[in-house]
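Descriptive analysis of the structure
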Amino acid sequence: MWRRIAARRLASALLSSSPLPRAAAPQAPPLERRLLPAAPGFLPPPRPSSWQQDPRWFAASSAAAEAVSSEEAEELALEIVRAQPNQNQPQLPVEEHQASGWEHRGRHRRSRRGHQAQVAAEEHGMTYHKYASLRRRQIRVETEAWEQAAKEYRELLADMCEQKLAPNLPYIKSLFLGWFEPLRDQIAAEQELVADRGSRASHGPYFNMLPADMIAVITMHKLMGLLMTGSGDGSVRVIQAACQIGEAIEHEVRIHRFLEKTRKKSNKEKENEEEIGDSEIAKEQQRLRKKVTDLMKKQKLRQVRKIVKNQDDSRPWGQDAHAKVGSRLIELFIETAHIQPPASQSSDGQPDIRPAFRHEMRTVPKDQQRNSRRYGVIKCDPLVRQGLDRTAKHMVIPYMPMLIPPLCWTGYDKGAHLFLPSYVMRTHGARQQREAVKRAPREQMQSVFEALNTLGSTKWRINKRVLSIVDRIWSSGGRLADLVDRTDVSLPEKPDTEDDTVLKKWRWHMRSVKKENSERHSQRCDIELKLAVARKMKDEEGFYYPHNLDFRGRAYPMHPYLNHLGSDLCRGVLEFAEGRPLGESGLCWLKIHLANLYAGGVDKLSYDGRIAFAESHLEEIFDSADMPLEGKRWWLGAEDPFQCLAVCMNLTEALRSSSPETTISHIPVHQDGSCNGLQHYAALGRDKLGAIAVNLVAGEKPADVYSGIAARVVEIMRRDSQKDPSTDPDAARARLILDQVDRKLVKQTVMTSVYGVTYVGAREQIKRRLKERGVIADDAELFGASCYAAKVTLTALGEMFQAARSIMNWLGDCAKVIACENEPVKWTTPLGLPVVQPYRKLGRHLIKTSLQVLTLQRETDKVMVKRQRTAFPPNFVHSLDGSHMMMTAVACKKQGLNFAGVHDSYWTHACDVDTMNKILREKFVELYDTPILENLLENFEKSFPKLKFPPLPERGDFDMKDVLESPYFFN
């Protein structure tokens, strides 16, 4: 779980004096003085001093991300050896230094490390000093967030004591401040209690590893964050909260511990240690230092890492410890956190002081019961819940976008963030998948690493003009541009009657209103978190999103809230930091992009039709840019309003310019696949009819597979409607919903059919669409109509995409053969990523904590046969679309393009769309030039030689090179 320490950091730990005692160290100097970059040339050279005091030597937690590559670590390890004063080791002669390439030739020659840093800075348009400054800030963001929050509370408390009055703080901030001191004091008392040798508390060994104030801040902020992103009713499951709080404490412990080790010792401390005089430990440390020095001189970095790994006592805590530590902290928080209504709400009597949180047990509904029937939740007081959607600006948000380009991925846990734990794949505890990625040779994973590095190197910034409009709408109560209403729906009053029918209707209405308010609350919290990040980043010149993968090989930004995979709000306030002149083609693509964002059928026109749409609405476009909220508000009619507004602003600037083609544009222009899953199935099966339906073949305008399916559904229903309702119940249902069948009704089912949607799933999708329209009031009739419509839609799909269905069935049959042997389905993507399906039966593991007995789920050795079978076809196709996107990303980077990808939607500057279109088509053809299904079958037969697999399905004669000439393949 935790990455090996790089040789530079490692040497800093081992070559330092004897280990620190476990007691808390004195106050450290500011982090920017402790953690200066090691690269020469970043900053003015430090004043001469012994190597122990040189500010270039910085170290990081063993939990932190690898901050240097193995080559850089090697170079810096050798630098440490050279810089070290006499330890009975002869200095190498100058000639040897020159012969080996270890010594710099001249005062002005930069080291290889310095040269690499210079290249990195220049690649991203930065000077040394700027890069160094941003790097120091990034280190502070990753390592000091909790410490800074604790410091703020300490200072506020000191001010209150000094001035004898409470500061004027926002409501939620004042709650945090009121909870902080009692929780901190209670944790400190607990730390003293568990430090006693007689203590048997299971959480005891972990409680004294951080200062009490930092533990208090992490507990408060983590729990409030979980309540914000939870179900919307102001509660969170105990098991989820306990494990996440425990894990956050462990992460901080590792950073804190290593930073403590690397702090300089005062003379007094050294004298005290000499008085204590643990000679055996000192001798052992001296022996290890000598051995490490010898090994580093011989460049034997592997042996050095092995020694340090053996010396590192910070093993992963594990889920049990997380749960126990988190549960005890939650219990202390519940005991100490109280709330009192604001003065305006309190009566003249005794103050109403009550617990802010409570622990309660709930019963799992019968239809959802699997293992346990009851579970614990932490529920907040309604007054706390009311303030949750105003809490985001006061929260500590981990994994913020990075101020410098992410570290290049070089291994499973080596890359991305400097200090925060970063993993190349989100395995969610799936052991076999994690081990498969770790075992994969670096050469095999190189293409995947290169693609992730490319996605992470794209520089973004906040579109301040759009953000200001979002802020204005939000501060005015929301309700526009798909922003949720900031006020709740009023609860209906209970009728003054004993009529059961009326009371039943009132109870149903009450439930629906409460559900609506709960959904609004969740949406408000989500928007606040997104806006909090946008406001923090808006004054930055640029920032970066490190990426990692899900187990299928699809790439995702590691920051969870404000990213380009998010909603229209996120995409509207994000833009490329680098601007490029539009050029003639870019101006056309910006107009096409506007039509695509406006949608409403306009996005299904030919390119000429979309350009004509934009040119016929220039007055509305200019008005939207000039007066977004005071004018006609044309942009609010778009399907993606905030993105549409951003394009209106850029287009207005260009068209009013004397030279539109030279106007600088930061807007990412999207090219989206046409039902991309079916495109991959058509390519796998060389299916000519399927290829035409999903734009693998050139046409005058884009083929719309959803409209095609809807038309076929109408044909079937019209035929059924002519039957006798007394003998065929489908006749009445067909007549009821025939007029409701359109593209929108079937779109979601068609999209998800390729990913294995079941009949039940299709029924629920169509039921939601029909319910939105409100044409069928009776629930029983609505259910029956949804069942019928789902059946007909799946029939139409099977008729139009027979080749896709046969490949899906073949993939499912192969998976069943493997899963019946109690083996998970495994394959390797075209880019070399090993994939292991994680579906195993889960076992129960009970843990007794101070709060309650918790049930943890753990993988068993038995696979879920049905899940392995049904999930394999969609997972396999996802691994192919992920491969196509990453191949395109790397090729675009080599051509000098800025690239961002959202699965089957590829983004670049308007002026570069033509180049990207050419690349993505070439890479799709290249992907399917390889015999993908043949390779898969060969891999299965090689892995399971005794099993018999079904023969490959028949395939058509579609020529993949036709894709190169198809203008609407991605459009």
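Quantities reported herein were computed from a predicted structural model and do not represent experimental measurements.

Definitions and cut-offs
Residues numbered from 1 in each chain as written. Predicted model: local features only at pLDDT ≥ 70, side-chain atom pairs only at ≥ 80, totals over all residues. Heavy atoms only, no water. Salt bridge = Lys/Arg side-chain N within 4 Å of Asp/Glu carboxyl O. Helix = DSSP H or I, 4+ residues; strand = E, 2+ residues; numbered from the N terminus. Buried < 20%, exposed > 50% of the residue type's maximum accessible area, 1.4 Å probe, protein only. Contact = heavy atoms within 4.5 Å. Pairing = 2+ DSSP bridges. Core = buried A, V, L, I, M, F, W, Y, C linked by side-chain atoms within 4.5 Å. Axes fitted to C-alpha atoms, helices over the stretch in contact; angles between N-to-C directions. Left-handed = near helix turned anticlockwise from the far one by under 90°. Nonpolar A, V, L, I, M, F, W, Y, C, P; charged D, E, K, R; others polar. Polar contact = N/O pair within 3.5 Å; in protein donor to acceptor, adjacent residues only side chain to side chain. Expected span 1.5 Å × (residues − 1).

1. What to know about the pattern of salt bridges
Following the criterion strictly, the structure yields 44 salt bridges and no others. A salt bridge links D881 to R554; the shortest N-O distance between them is 2.9 Å. Note that D881 is positioned in helix α34 (residues 865–894) and R554 in the loop between β10 (547–549) and β11 (555–557), a separation of 327 residues in sequence. Here D881 falls in the buried class, since its relative accessible area comes to 1%. Via salt bridges that share partners, D471, R486, E528 and R535 belong to a single interconnected network.

2. Remarks on the environment of G832
Position of G832 among the secondary structure elements: in the loop between β16 (826–828) and β17 (834–836). Accessibility expressed as a relative area gives 11% for G832, which makes it buried. Each C-alpha atom, one on G832 and one on M445, is 5.8 Å from the other, the two residues being 387 residues apart in sequence. In contact with G832, other than residues within four places in its own chain, are Q444 and M445.

3. Some remarks on the sheet that holds strand β9 (residues 543–544)
With antiparallel pairing, 3 strands are arranged side by side in an open sheet as β9-β8-β12. Edge positions in the open sheet fall to β9 and β12 (574–576), since each of these has one partner strand only. In the sheet, strand β8 (residues 459–462) pairs with β9 via 2 bridges, with the strands oriented antiparallel. Residue W460 lies in a different strand from β9, and its bridge partner there is F543.

4. Comments concerning the nonpolar core
Judged by nonpolar contacts, the single largest core of 142 residues is most densely connected at W179, M224 and F357. Examining the composition of this core, we find that 12 residues originate from one element, helix α10 (residues 212–228), more than from any other.

5. What about the packing of helix α19 (residues 464–475) against helix α20 (residues 500–537)?
Two elements in contact, α19 and α20, have axes separated by 12 Å at closest approach and are oriented at 145 degrees. Classified by chirality, the crossing of α20 by α19 is left-handed. Note on element contacts: α20 touches α19 through R524, I527, E528, L531, A534 and R535, opposite L467, V470, D471 and W474. Grouping the amino acids of the contact of α19 with α20 by side-chain chemistry returns 6 nonpolar, no polar and 4 charged.

6. Remarks on the side chain of T454
When you line up the elements, T454 lands in helix α18 (residues 442–456). Side-chain polar atoms of T454 contact the backbone oxygen of E450, separated by 2.9 Å. T454 has contacts with A889, V890 and K893, leaving out every residue within four places of it along the chain.

7. Concerning helix α32 (residues 779–800)
Its 22 residues place the ends of α32 32 Å apart at the C-alpha level, agreeing with the 32 Å of an ideal helix rising 1.5 Å per residue. Those residues of α32 that sit buried are L782, G784, A785, S786, C787, Y788, A789, A790, V792, T793, A796 and L797.

Function cannot be read off these values alone, since they describe shape.
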